[in-house]
Amino acid sequence: MKNNKEAITELKRILKGAENLVFFGGAGTSTESNIPDFRSKEQGLYTSAKKEDYPPEIILSHSFFLKHPKVFYQYYWDNLVHEQAKPNKAHYALAALEEKGLLKAIITQNVDGLHQKAGSRKVYELHGSIYRNYCMECRKEYEFKEIIKKRGEIPTCSKCQGIVRPAVTLYEEPLNLSVIEGAITAIEQADVLIVGGTSLVVYPAAGFLEYFHGGKLIIINHESTPQDRRADLVIQGSIGEILAEVADL
Ligand code: ZN
C-alpha cells in the first residue's frame, strides 16, 4: 500500500481520466456527521443500546415493527432520525464532483438523506430514507415536517388512523427493486468505482461490487476490508478529508 499522500495523488490522476465515476458508500460516509454506525464495534449502537432488551437487527425488523411499534419507534427516534445532522466534507465533495459532470451516481446504504442535503441529485438509496413516510393502511404519504412533529410517538394517519411508517428497508424486507436496478446499471456502466465508508462485509454491499467491470476500483475506509486485494487503490483514512482533497474543495 502507498502512503496516503501518494495514494491521493494517484486518485486524482485516476479521476482525471475517468469518464463514468460512481460512488458506493456506507455508514462511514455519515459518521463524520456524527451519525453513528450501528454495526461498528467501538461507537456503534450495538454497545450503546444496552438499555434495550433487543439488538438493533431485531428491533429494526419487519415482524418486530408489526408486533411492537412503540419499542420500534422509541429506538427509531433515538438512533435513526438525526434531522439536525449536517452533510460533511465527503457529501459536499461528491456533490461538487457531480456538479462538474464527473460523478454519475451515488449509491448509499444510509437513510439519512445527507447526500441530497449537500446538493447531490442522482442518489440511489438502497435502504430508503427517513424523509419518506407513508400510512401502512391507506398508503397516504406524509412529508417529513409532519412526521417530525410526532417525534417520540408512533405517527398515525390523519385519514384512517393507520400507523405511518418510514420508507426505510427493515430487516426481513426486500430492497426496492427499481432502486437495485438503477444501482446495478450505474455500477455496470462505471469505469471508476469509489467505495467508501463500508466494511464490505454485510449484504448487500459486497454483492454489488460483482457488477463492476470497469478499470479502476478504489476503496477508502478507516480499516481494511475483505475486498482490498481486488482494489486498484486502497486509501485508509477519513473519507471526508480524502474526497475534499481530490475534489479541490
Ligand atoms: Zn391512512
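The preceding data block contains the structure.
This one's a predicted model, so the numbers in the text were calculated from it and none came from an experiment.

1. Comments concerning the sheet that holds strand β6 (residues 164–168)
Reasoning step 1: Strand order in this open sheet of 3 strands is β5-β4-β6, and the pairing throughout is antiparallel. Looking at the sheet topology across the chains shown, the edges are occupied by β5 (141–142) and β6.
Reasoning step 2: The sheet contact formed by strand β4 (residues 128–135) and β5 spans 2 bridges and is antiparallel. Across the sheet, Tyr 134 pairs through a bridge with Glu 141, a residue of β5.
Reasoning step 3: Seen against the sheet, helix α6 (residues 69–79) touches β4 and β6 and runs at an angle of roughly 50 degrees to β6.

2. Looking at the environment of Asn 88
Reasoning step 1: In this fold, Asn 88 is placed in the loop between α6 and α7 (89–99).
Reasoning step 2: Overall, the relative accessible area of 7% leaves Asn 88 in the buried class.
Reasoning step 3: Once the C-alpha coordinates of Asn 88 and Ala 118 are considered, the two residues, 30 residues apart in sequence, prove to be 8.2 Å apart.
Reasoning step 4: Not counting residues within four places of it along the chain, the set of residues in contact with Asn 88 comprises Thr 29, Ser 30, Glu 32 and Ser 33.
Reasoning step 5: A polar contact of 2.9 Å, which involves the side chain of Asn 88, links it to the backbone oxygen of Thr 29.

3. Considerations on the coordination of the zinc ion
Reasoning step 1: Coordination of the zinc ion by the protein comes from Cys 135 (SG), Cys 138 (SG), Cys 157 (SG) and Cys 160 (SG), over a distance range of 2.3 Å.
Reasoning step 2: When the donors of the zinc ion are listed by position in the chain, the intervening gaps give C-x2-C-x18-C-x2-C. Taken as a pair, Cys 135 in strand β4 and Cys 157 in the loop between α9 (144–148) and β6 lie far apart in primary sequence, 22 residues in all.
Reasoning step 3: Residue Cys 157 is classed as buried on the basis of its relative accessible area, which comes to 1%.

4. A few points about the sheet that holds strand β1 (residues 21–25)
Reasoning step 1: The strand order across the open sheet built from 6 strands is β3-β2-β1-β7-β8-β9, with neighbouring strands paired in parallel fashion. At either margin of the open sheet sits one strand with a lone partner, and together these are β3 (123–125) and β9 (233–236). On average, each strand axis in the sheet is inclined to that of its neighbour by 15 degrees, with strand direction left out of account.
Reasoning step 2: In terms of strand pairing, strand β8 (residues 216–221) meets β9 through 4 bridges, oriented parallel. Its bridge partner being in β9, Ile 219 is matched across the sheet by Val 234.
Reasoning step 3: Packing against the sheet, α7 makes contact with β1 and β2 (103–108), and its axis sits at approximately 145 degrees to β2.

5. Digging into helix α1 (residues 4–16)
Reasoning step 1: If you check α1, its first and last C-alpha atoms are 18 Å apart, about what 13 residues at 1.5 Å a residue would give, namely 18 Å.
Reasoning step 2: Of the surrounding elements, those touching the buried residues of α1 are β1, β7 (192–196), β8, β9 and α12 (239–246).

6. Quick word on the packing of α1 against α12
Reasoning step 1: At a minimum axis distance of 10 Å, the contact between α1 and α12 shows a crossing angle of 50 degrees. Overall, the two elements α1 and α12 adopt an arrangement that is oblique. Every pair of crossing elements has a handedness; the one defined by α1 and α12 is right-handed. Within the contact between the two elements, α1 uses Ile 8, Leu 11, Lys 12 and Leu 15 and α12 uses Ile 242, Glu 245 and Val 246.
Reasoning step 2: Broken down by class, the residue content of the contact of α1 with α12 amounts to 5 nonpolar, no polar and 2 charged.

7. A look at the packing of aromatic side chains
Reasoning step 1: Under the criterion given, the structure shown has 10 aromatic pairs.
Reasoning step 2: Taken together, the ring pairs connect Phe 65, Phe 72, Tyr 73, Tyr 76 and Trp 77 into an aromatic cluster.

8. A closer look at unusual backbone geometry
Reasoning step 1: In this structure, Asn 34 takes a positive phi of about 65 degrees despite not being glycine.
Reasoning step 2: If you trace the backbone, Asn 34 turns up in the loop between α2 (28–31) and α3 (45–48).
Reasoning step 3: Take Asn 34: its relative accessible area is 68%, and that puts it in the exposed class.

Cut-off values and rules
- Residues numbered from 1 in each chain as written.
- Predicted model: local features only at pLDDT ≥ 70, side-chain atom pairs only at ≥ 80, totals over all residues.
- Heavy atoms only, no water.
- Pairing = 2+ DSSP bridges.
- Helix = DSSP H or I, 4+ residues; strand = E, 2+ residues; numbered from the N terminus.
- Contact = heavy atoms within 4.5 Å.
- Axes fitted to C-alpha atoms, helices over the stretch in contact; angles between N-to-C directions.
- Buried < 20%, exposed > 50% of the residue type's maximum accessible area, 1.4 Å probe, protein only.
- Polar contact = N/O pair within 3.5 Å; in protein donor to acceptor, adjacent residues only side chain to side chain.
- Donors = N, O, S within 2.8 Å, 3.2 Å for Na, K, Ca; no water.
- Expected span 1.5 Å × (residues − 1).
- Parallel < 35°, antiparallel > 145°, perpendicular 65-115°, else oblique.
- Left-handed = near helix turned anticlockwise from the far one by under 90°.
- Nonpolar A, V, L, I, M, F, W, Y, C, P; charged D, E, K, R; others polar.
- Phe/Tyr/Trp six-rings, centres within 6.5 Å; stacked < 30°, edge-to-face > 60°.

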